[in-house]
Amino acid sequence: MAASCSVRKHVVLTGPPGIGKTTLVKKIVEKLVSGGVAVQGFYTTEVRQTGRRIGFDVVTVDGKTGSLSRVSEGSLHPGIQEYRVGQYKVDVTSFEKTALPVLVPKEDRDLICVIDEIGKMELFSDKFKEAVKKLFNSRNLRILATIPVAKGRPLAFVEEIRTRKDIQLHVISRENRESLVDDIVAVLVSPCT
């Protein structure tokens, strides 16, 4: 990758919940890292208890884990504004503590930044939105991100990402999810044109 790209090539994945976006992200990251490429960022995982989903965690590429959301009746952090998505209370404090440090653009080196996902829960954090904007506008990095499928009233911030001129948008399906790994890796490591 060239450090002074005038054209950025970011890859954004979308598709319905459960289609395999995070699994695909993990496979791409594994291939990039094994090839010696600098990667930082995070992905989200389901948290299950006795077979039932009770929330989501954010996991950094280097293995740090923090809570993103939990099914909860009580307050997660008394005195702090709480946000809810369906049955889940979003833990903005924990999310920011885990995710924001790995979303700082590294101006001194080429980098691929992973953001899984730019979704409704994550977007309750204004600091997250600011960090994502900075990353997409940084000249010396590439981004691998996931966004939800638009349903109902689309999220304005997600639509800004979806309509950027410097992204390749891939709609993930059961038919294409296995065959995309090598193609996406090639885009992310190719020199700027």
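This text follows the structure it describes.
Residues numbered from 1 in each chain as written. Predicted model: local features only at pLDDT ≥ 70, side-chain atom pairs only at ≥ 80, totals over all residues. Heavy atoms only, no water.

Colleague: Go over the pattern of salt bridges, please, and point to the residues and values.
Modeller: Across all of its chains, the model carries ten salt bridges by this definition. The shortest N-O distance in the salt bridge between Glu46 and Arg48 comes to 3.0 Å. One salt bridge in this structure joins Glu82 and Lys89, with 3.3 Å as the shortest N-O distance. Among the residues examined, Glu82 registers a relative accessible area of 29% and is labelled partly exposed. Among the ionic contacts, a cluster of salt bridges with common partners joins Glu46, Arg48 and Arg53. (Salt bridge = Lys/Arg side-chain N within 4 Å of Asp/Glu carboxyl O. Buried < 20%, exposed > 50% of the residue type's maximum accessible area, 1.4 Å probe, protein only.)

Colleague: Give me the sheet that holds strand β3 (residues 52–60): which residues, what numbers.
Modeller: Taken in spatial order, the nine strands line up as β5-β6-β4-β3-β2-β7-β8-β1-β9 in an open sheet, and their pairing is mixed. Looking along the sheet, the strands with just one partner apiece sit at the ends: β5 (83–85) and β9 (167–171). Neighbour-to-neighbour, the strand axes of this sheet turn through a mean angle of 25°, independent of strand direction. In terms of strand pairing, strand β2 (residues 39–49) meets strand β7 (residues 111–115) through four bridges, oriented parallel. Following the sheet pairing, Gly41 is matched in β7 by Val114. Where helix α2 (residues 92–99) meets the sheet, its contacts fall on β2, β3, β4 (65–71), β5 and β6 (88–90), and the angle it forms with β4 comes to roughly 160°. Helix-sheet contacts for helix α5 (residues 180–189) involve β1 (10–15), β7, β8 (141–148) and β9, and the interaxial angle to β8 is about 140°. (Pairing = 2+ DSSP bridges. Helix = DSSP H or I, 4+ residues; strand = E, 2+ residues; numbered from the N terminus. Axes fitted to C-alpha atoms, helices over the stretch in contact; angles between N-to-C directions. Contact = heavy atoms within 4.5 Å.)

Colleague: Tell me about α2, and please be specific about residues and values.
Modeller: Extensive coverage of α2 is indicated by the burial of six of its eight residues. Those residues of α2 lying buried are Val92, Ser94, Phe95, Glu96, Thr98 and Ala99. Tucked into the core, α2 has its buried residues touching β2, β3, β4, β5, β6 and α3 (126–137).

Colleague: A description of the side chain of His10 should follow, citing residues and the corresponding values.
Modeller: The topology assignment puts His10 in strand β1. Exposure remark for His10: the relative accessible area of 0% places this residue in the buried category. There is a polar contact of 3.0 Å between the side chain of His10 and the backbone nitrogen of Ile143. Residue contacts for His10: discarding those within four places in its chain leaves Phe136, Leu141, Arg142, Ile143, Asp166, Ile167 and Gln168. (Polar contact = N/O pair within 3.5 Å; in protein donor to acceptor, adjacent residues only side chain to side chain.)

Colleague: Could you give an account of the packing of aromatic side chains, naming the residues involved and the relevant values?
Modeller: Any pair of aromatic rings gets described here by the distance separating the centres and the angle formed by the planes. Applying the stated rule across the entire model yields five aromatic pairs. Measuring from ring centre to ring centre gives 5.7 Å for Phe42 and Phe95, while their planes differ by 80°; the resulting arrangement is edge-to-face. In this pair, Phe42 is assigned in strand β2 and Phe95 in helix α2, connecting sequence segments 53 residues apart. Accessibility classification places Phe42 together with Phe95 in one group, the buried group. Geometrically, the ring pair formed by Phe56 and Tyr88 is edge-to-face, given 5.5 Å between the ring centres and 65° between the ring planes. (Phe/Tyr/Trp six-rings, centres within 6.5 Å; stacked < 30°, edge-to-face > 60°.)

Geometric descriptors of this kind do not, in isolation, establish any biological role.
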